[in-house]
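Residues per chain, in single letters:
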Amino acid sequence: MAKGPGFLRKNWMLVGVACAIVAAKVDPSIGAKTGPLHPDVTVKYGAVFLIFFLSGVALKPRQLAGAVANLPLHALIQGFTLGLVPLVVTFIVAPTLRAASFHRWLLQGVVAVSCMPPPVSSAVILTKAAGGNEAAAIFNSAFGSLLGVFVTPIELVLAVESGGSAQSAGAAGEFYETLLRVFRQLFVTVLVPLACGQLARPRLEAWLERAKPPLSEVGQCTLLLIIYTTFCDSFGAAAGKQAQSRAAMAATAVVVVALQGLFMAALFFVTTSTALWQKPFPPGDVICAVFCASHKSLTLGIPVLRIVFPDHPYLPMLSAPLLMYHPIQIVLGGLLVPSIRSWADRVAAAQKLGDAETV
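Residues numbered from 1 in each chain as written. Predicted model: local features only at pLDDT ≥ 70, side-chain atom pairs only at ≥ 80, totals over all residues. Heavy atoms only, no water.

1. Here's the deal with the overall build of the chain
Let me state the cut-off plainly: Per the convention used, a helix needs a DSSP run of H or I reaching at least four residues, while a strand needs a run of E reaching at least two, with both numbered from the N terminus. Residue contacts follow a heavy-atom distance rule, with two residues in contact if any of their heavy atoms lie within 4.5 Å. In these tables, accessible area is a Shrake-Rupley quantity obtained with a 1.4 Å probe, and a residue counts as shielded only by the protein chains included in the view.
Helix and strand counts for the chain stand at 14 helices and 0 strands. The linear arrangement of helices and strands in the chain, starting from the amino end, is α-α-α-α-α-α-α-α-α-α-α-α-α-α. Intrachain contacts of the chain at a sequence separation of at least 6 include 83% that bridge at least 24 residues. For the chain, the accessible area works out to roughly 17,600 Å², and carbon and sulfur atoms hold 69% of it.

As structure tokens, this is what we get:
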């Protein structure tokens, strides 16, 4: 009996996502665009602003200063997650799945996932649990999120179909107009609250250390509101058209698990290969790279998808792979932590033995 409440406390966000989707299905009129919640104002501006204001308040610049100098690790993580992954998924994975008659909009959702930056929380938690370089994980998660504010919207506009009746991927004027609209929205709802949070932090720092308010939990609850209203639009406007078979969703989950495993295996191979590096990365940096560069941010991803594609008729389908990727990366990472930590301990022991023999 004791496992029930403990499981809910540990996994309340995953349970909350499921409850938000079920609530949207039961009565979508509440969170729809014309509903009493008025998500075009409360969610588009208020909820997204709050999420990034809290991120700005929680960000500790002093904590990141010592990790800045590790440039090879930072370049590998940012280049992999925001460069190589989108290229591989867009030009190799997507055509392969398209040839296999994979669902069009779920496939576009997989492409959208590939464009997302690393998360601020889960990658750091797993890196710490596995005995990795926590400071580097904090730096890369925070820096990747800030970089993703600029890079992710551009990649989404380039790689993901708009869903409109007219496809205008070749129209340069409309492309730049879309980017301009996106960056205006990002400036108001992301950059301004991040800056306000950082400016407010010095005044709040003593209180934050003393009271330890649940900023992360407040941000996650706000994210649940965004997920709820997103699915209210889906179920209310075109439930019949957008309802997908269990087989399509199951196939998407399989693809997400396969991609996650592929990314982690590739990162482990690259960072430990003696053929690629004269001196491979130390175990702590390997662990940091494996988690930070393979994970994708739900907290940034859902708001940015809403900003870039505010009127997309299949936005819930675009969001579904990211909603799957988030719990899968946590579960898979948690399962791998003991093995990765054991590997790191063995490497450290071998290095100590080698040093002792040298002496």
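2. Re the UniProt feature "transmembrane region" (unreviewed entry) in the chain
Quick reminder of the rule: UniProt positions are given in the numbering used here, feature names are shortened, and annotations may be inferred rather than shown by experiment.
Taking the numbering used here, the UniProt-annotated feature "transmembrane region" (unreviewed entry) corresponds to residues 42-59, 71-93, 105-126, 138-159, 221-240 and 246-270. The straight-line gap between the two end C-alpha atoms of residues 246-270 is 36 Å; of that span, 100% is helix and 0% is strand.

3. Some points on the nonpolar core
The condition is simple: By nonpolar core we mean a set of buried residues, namely Ala, Val, Leu, Ile, Met, Phe, Trp, Tyr and Cys, connected to one another through side-chain atoms within 4.5 Å. Buried residues are those whose accessible area, probed at 1.4 Å on protein chains only, stays under 20% of the maximum for their type, while exposed residues exceed 50% and partly exposed ones sit between those limits.
Leu-156, Phe-291 and Leu-305 are the most contacted members of the largest nonpolar core, which totals 82 residues. Here this core gets 13 residues from one element, more than from any other, and that element is helix α14 (residues 315-358).

4. Digging into unusual backbone geometry
One non-glycine residue, Ser-101, lies in the positive phi region at around 60°. The phi dihedral of Lys-212 is positive, around 45°, even though this residue is not glycine. Position of Lys-212 among the secondary structure elements: in the loop between α9 (172-211) and α10 (215-242).

5. A look at a nonpolar patch on the surface
Note the cut-off: Nonpolar side chains (Val, Leu, Ile, Met, Phe, Trp, Tyr) within 5 Å and like charges within 9 Å form the patches, drawn only from residues with over 30% relative accessible area and no salt bridge. Salt-bridge detection follows one rule: a side-chain nitrogen of Lys or Arg within 4 Å of a carboxyl oxygen of Asp or Glu.
A contiguous nonpolar surface patch, about 190 Å² in accessible area, is contributed by Ile-30, Leu-37 and Leu-225. Assignment of secondary structure puts Ile-30 in the loop between α2 (12-26) and α3 (39-58).

6. Remarks on the packing of aromatic side chains
For any pair of aromatic rings, the description rests on two quantities: the centre-to-centre distance and the angle between the ring planes. Applicable threshold: Here a Phe, Tyr or Trp ring, Trp counted by its six-membered ring, pairs with any other such ring whose centre lies within 6.5 Å, and the pair is stacked when the planes are under 30 degrees apart, edge-to-face when over 60, and tilted otherwise.
Tallied over the full model, the rule gives 4 aromatic pairs. When the centroid spacing of 6.2 Å and the interplanar angle of 85° are considered together, the rings of Phe-80 and Phe-263 count as edge-to-face. On the criterion of sequence distance, the pair formed by Phe-80 in helix α5 (residues 71-99) and Phe-263 in helix α11 (residues 246-272) is long-range, its members being 183 residues apart. In this structure Phe-263 comes out as buried when scored by relative accessible area, which is 7%. Measuring from centroid to centroid gives 5.0 Å for Phe-268 and Trp-343, while their planes differ by 70°, and the two rings are edge-to-face. Placement of the pair is Phe-268 in helix α11 and Trp-343 in helix α14, with a sequence separation of 75 residues. The partly exposed category is assigned to Phe-268, whose relative accessible area is 32%.

7. Topic: helix α6 (residues 104-114)
The buried count for α6 comes to 10 of 11 residues, which makes it a mostly enclosed element. Listed in full, the buried residues belonging to α6 are Trp-105, Leu-106, Leu-107, Gln-108, Gly-109, Val-110, Val-111, Ala-112, Val-113 and Ser-114.

8. Quick look at the confidence of the model for the chain
Quick note on the threshold: Known as pLDDT, the predictor's confidence for each residue is given on a scale from 0 to 100.
The share of residues in the chain with pLDDT of 70 or more is 81%, and the mean pLDDT across the chain is 79. Throughout residues 165-171 the model reports pLDDT below 50, and contacts reaching past four residues in sequence, or to other chains, amount to 4 contacts. In this model residues 238-243 is a low-confidence stretch, pLDDT under 50, and it forms 8 contacts with partners more than four residues away in sequence or in other chains.

9. Comments concerning the environment of Gly-197
Locating Gly-197 in the fold gives a position in helix α9. Under the relative-accessibility criterion, Gly-197 is labelled buried at 0%. Between the alpha carbons of Gly-197 and Leu-50 there is a distance of 9.5 Å; along the sequence they are 147 residues apart. In contact with Gly-197, other than residues within four places in its own chain, are Phe-53, Gly-56 and Val-57.

10. Notes on the environment of Met-249
Take Met-249: it is sitting in helix α11. Given a relative accessible area of 26%, Met-249 falls into the partly exposed group. Put simply, Met-249 and Ala-320 are 71 residues apart on the chain and 8.5 Å apart in space, counted from C-alpha to C-alpha.

11. Side note on helix α12 (residues 283-292)
α12 sits mainly inside the fold: 10 of its 10 residues count as buried. Burial in α12 covers these residues: Pro-283, Gly-284, Asp-285, Val-286, Ile-287, Cys-288, Ala-289, Val-290, Phe-291 and Cys-292.

12. Remarks on the packing of α3 against helix α13 (residues 298-308)
Rule in force here: Helix axes are fitted to C-alpha atoms over the stretch in contact, other axes to C-alpha atoms as well, and angles between N-to-C directions run from 0 to 180 degrees. With respect to orientation, any angle under 35 degrees is reported as roughly parallel, any angle over 145 as roughly antiparallel, any angle of 65 to 115 as roughly perpendicular, and every other angle as oblique. A crossing counts as left-handed when the near helix is turned anticlockwise from the far one by less than a right angle, and as right-handed when that turn is clockwise.
It is at 11 Å that the axes of α3 and α13 come closest, and there the two elements cross at 155°. When the axis of α3 is compared with that of α13, the two are roughly antiparallel. Of the two possible hands of crossing, α3 and α13 adopt the one that is left-handed. Across the interface between the two elements, Val-43, Val-48, Ile-51 and Phe-52 from α3 touch Thr-299, Leu-300, Pro-303 and Arg-306 from α13.

13. Quick notes on the state of the cysteines
Put simply, the test is: A pair of cysteine sulfur atoms is labelled a disulfide when the two atoms are within 2.5 Å.
Going through the model one piece at a time under the given rule, you end up with 0 disulfides. With no disulfide of its own, Cys-288 has Cys-292 as its nearest cysteine by sulfur position, at a separation of 3.9 Å. With relative accessibility at 0%, the residue Cys-288 sits in the buried group.

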